[in-house]
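Descriptive analysis of the structure
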Amino acid sequence: MKKKQQLVALFAATSVAALLAPTALRAQESGATQLDPIDVRGALGQSPVAGTTAEQGPVSPIDAREPLPANLQNFAGSADRVTAQDLESERPLTAHDALRNVPGVATVADDGFGRHSGISLRGSPHRRSRKILVMEDGVPINFSPYLDAGTHYTPPMDRVESIDVLKGPMVNYGPLNNHGVVNFKNLSPFGPKETVFSAGIGTTKGVDQNVNNMRHAHTRQSVDNVGVVLSYSGLDAGGSWDAEKLGYNDFYGAVGIRGENQDLTVSGGFFRQRDNYDEDNFSGTLAELKRFRRNKKDAAENGNFPVACGRCYDWNTYNADYYRAQVAHNLYIDDKTTLSTRLYGNHHDRARFYVSDESNDPPSDFVMEGRDRLYKNIGADSRIEFADLPLFGSLTQTVQAGVRYEEHDFHNKNRLGATNERLDYGNRGSLDEAQKLTADSFATFAQTAIKVTPDFTLVPGVRLERYKIGFRDLDDSSNNGDSTYTQVLPMLSFSWEFAPTTTLYGGYHRGLSPHILRDVLEADSGYIAPKKELGDNLQVGVRSKAVQGLTFDVAYFHSDIRNYQFGEAFQSDGGDRVFSSLDKARFDGVELAARIDSRAFIDSPWNVYGESVYTYVNSKIVKGTADGGQNVSGNEVPESMKHTANLTLGAQHASGFDASVSWTYRGGFYTDALNLPMNPLDVEEGRINGVWLLSARASYKVTKDLTAWVTGQNLTDKFYISDRSDGAKLGVGRTVMAGMTLKLH
């Protein structure tokens, strides 16, 4: 059967399953509650039981765009949410800022506004967020989870309503589910009517970009049962080095229609990114780095960068055009049965160009090269839920099952310019090398939440992943190859509210992380099938709101991951990052979060609060060898931070004043399997030291519609190395932004 026929059959089968629900449900249908007409401005248009599951169920809502229920108290697993109220109060400049109070999360920015994504979960490598599943409205925004899982994109915070972080156990999302899932939820067309205008200006110390600016506007309107969202966001800002300039323009829209027993949402957007940015970083002594600080151009003239030409770094660019679309439909078949189906696709054209280090005598005699990559993904996902079914005796269960099919196409090209030819997005130069990579994926899952007692829920589940990858070297067909993988991923989780609003949760799941394909296939012997990266992941935790005004969550986690792939701190001769594998890696850790609010104890217009998170990860290479063949068993896993923390103190007043200050500790980590120490004579290798960073933000409602705000990062202008990739990369200097937001209801 051809692929398209398989896809049609797949979703036809799911639809038939909805219509052939158990006899008990069919008997109930005749007496099912008649739904009231939907108010697009208010509650979700769904059946009563489905609404309860989405609000406070022990498992994810059946709508794949919503990984977590609204109330996490009795969720059977480790999860956190950054709410709309959090985003409004903290006014994060970046996705990294927005995640600072989520336990288990660590972030590293190697550019000014986190555009190139560096999110870590429970000890995973941060660079390009490659080890976690990053989603937008339930759709992966990793370039290709089965071929090249990095991402240089996260949505602008101005159009994000909330961020869900799911750390497991899980079977309903994958792959890249060993460490966890991060989902950004966009503005929904089913929300309150509003029109928002926001603008800000600011500075970043030590860069050529004199003034940063950010701008945003969106409107959300509705007529009867139809809602519409239109949004624009833009940014121009400095980066980590003086030559870096970052800029994007983002357009997003959604239309939603709701009826008595169904709803349909069509959404999509376009993100245009144009950065003066490259992967060349500092090599030399620590004394030289401190001498030049963020002045990349002068350091290049001194020979501390691959190209000894300062102004040449103004020509290096990163460019991306990202188109995406999704159609999502929910059918509430009766008061206990919901069918949720989505079609989605994206087209991500990204190209990076730079002056080659093999240029003869730049700038008078130079050659530019390029990394030109195009990712095209399409998919379809259908899920069904049978809620509150009788099991045996007095036990009930909520059954969820789903199927998903995706096709990924990845065109990987290297470009080469003529002598003294400037390359950019519009002039990409001649084709030097080309490969085409493909992946076809079929996945299915089933899980059931068994209500053993009113307070104890047990959730067994299983996921099946079957995918085929293909590699075509368009210059040498002898390197071509294909591989097919099938993997069963079991899960067992639970939640037990053993005291009022105090829940014990935990469980086990097996996770899958496909290896980066574009580099491991460059072996002299031709195509070598990548190994499967499989993890056994355990956790147990407690969350509580038992004491009024105090919330806390503490969890222990353990992961054993085989065939663990990581990125080396250096690049290949062709300019790509090199990836290596360890036979087995282990992560043991504890994460905790707590918040206390004074308003629960004192009757006052003021609320003074404190919020803290801390994560400890003991990572260990159980078995493995370094690139040179040395035994590295017992060493720490590269790019895994042992300690991360954030402490926030804030004050809010009923008049509309809100201010807070945060101290964030980004822990130290090794950048190689040998665990080489920091070398002051060569900052290109060795450990990255930990650093404390100070940030703050404040806002005041000038009127009921107009808010003035100011926010700042690295306020002490700490000079530090943030990462190492083909040299030492500096952290961003002190950045301050101030502006106004007008919100018309």
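Preceding this paragraph is the structure being described.
As the structure is a prediction and not an experimental result, all values here were calculated from the model.

**Quick notes on the overall build of the protein**
A count of helical and extended segments in the protein gives eight helices and 31 strands. Relative to a compact globule of 745 residues, whose C-alpha radius of gyration would be 27 Å, the protein shows 26 Å and is just as compact. Each principal axis of the C-alpha atoms in the protein carries an extent, and together these give about 80 × 65 × 50 Å. Classification of the 745 residues of the protein by burial places 59% in the buried group. Within the protein, residue pairs in contact and separated by at least 24 positions form 67% of the contacts whose partners lie at least 6 positions apart. Put simply, the protein shows about 27,700 Å² of open surface, and 56% of that area lies on carbon and sulfur atoms. One way to put it: in the protein the 78 positive side-chain charges average out to a point 2 Å from where the 92 negative ones average out.

**A short note on the pattern of salt bridges**
Across all of its chains, the model carries 46 salt bridges by this definition. In this structure, Arg220 and Glu194 form a salt bridge, with 3.4 Å as the shortest nitrogen-oxygen distance. Placement of Arg220 in strand S9 (residues 212-223) and of Glu194 in strand S8 (residues 194-204) is noted, with a sequence separation of 26 residues between them. The exposure classification of Arg220 matches that of Glu194, with both residues buried. For Arg371, the salt bridge identified is with Glu369, shortest N-O distance 3.7 Å. Put simply, Asp80, Arg122, Lys167 and Glu591 are held in one network by salt bridges that share partners.

**A look at the packing of aromatic side chains**
Inspection of every chain in the model, using the stated rule, returns 18 aromatic pairs. Note on Tyr665 and Trp692: the rings are 5.1 Å apart at their centroids and 45 degrees apart in plane angle, and the pair reads as tilted. With Tyr665 in strand S26 (residues 657-666) and Trp692 in strand S27 (residues 691-701), the pair connects residues that are 27 residues apart, well separated along the chain. On the accessibility criterion, Tyr665 (22% relative accessible area) is partly exposed.

The rules behind each value
Residues numbered from 1 in each chain as written. Predicted model: local features only at pLDDT ≥ 70, side-chain atom pairs only at ≥ 80, totals over all residues. Heavy atoms only, no water. Helix = DSSP H or I, 4+ residues; strand = E, 2+ residues; numbered from the N terminus. Rg over C-alpha atoms; globule rule 2.2 N^0.38 Å. Buried < 20%, exposed > 50% of the residue type's maximum accessible area, 1.4 Å probe, protein only. Contact = heavy atoms within 4.5 Å. Areas by Shrake-Rupley, 256 points an atom, 1.4 Å probe, with all protein chains shown as cover. Lys, Arg positive; Asp, Glu negative; His and termini not counted. Charge placed at Lys NZ, Arg CZ, Asp CG, Glu CD. Salt bridge = Lys/Arg side-chain N within 4 Å of Asp/Glu carboxyl O. Phe/Tyr/Trp six-rings, centres within 6.5 Å; stacked < 30°, edge-to-face > 60°.

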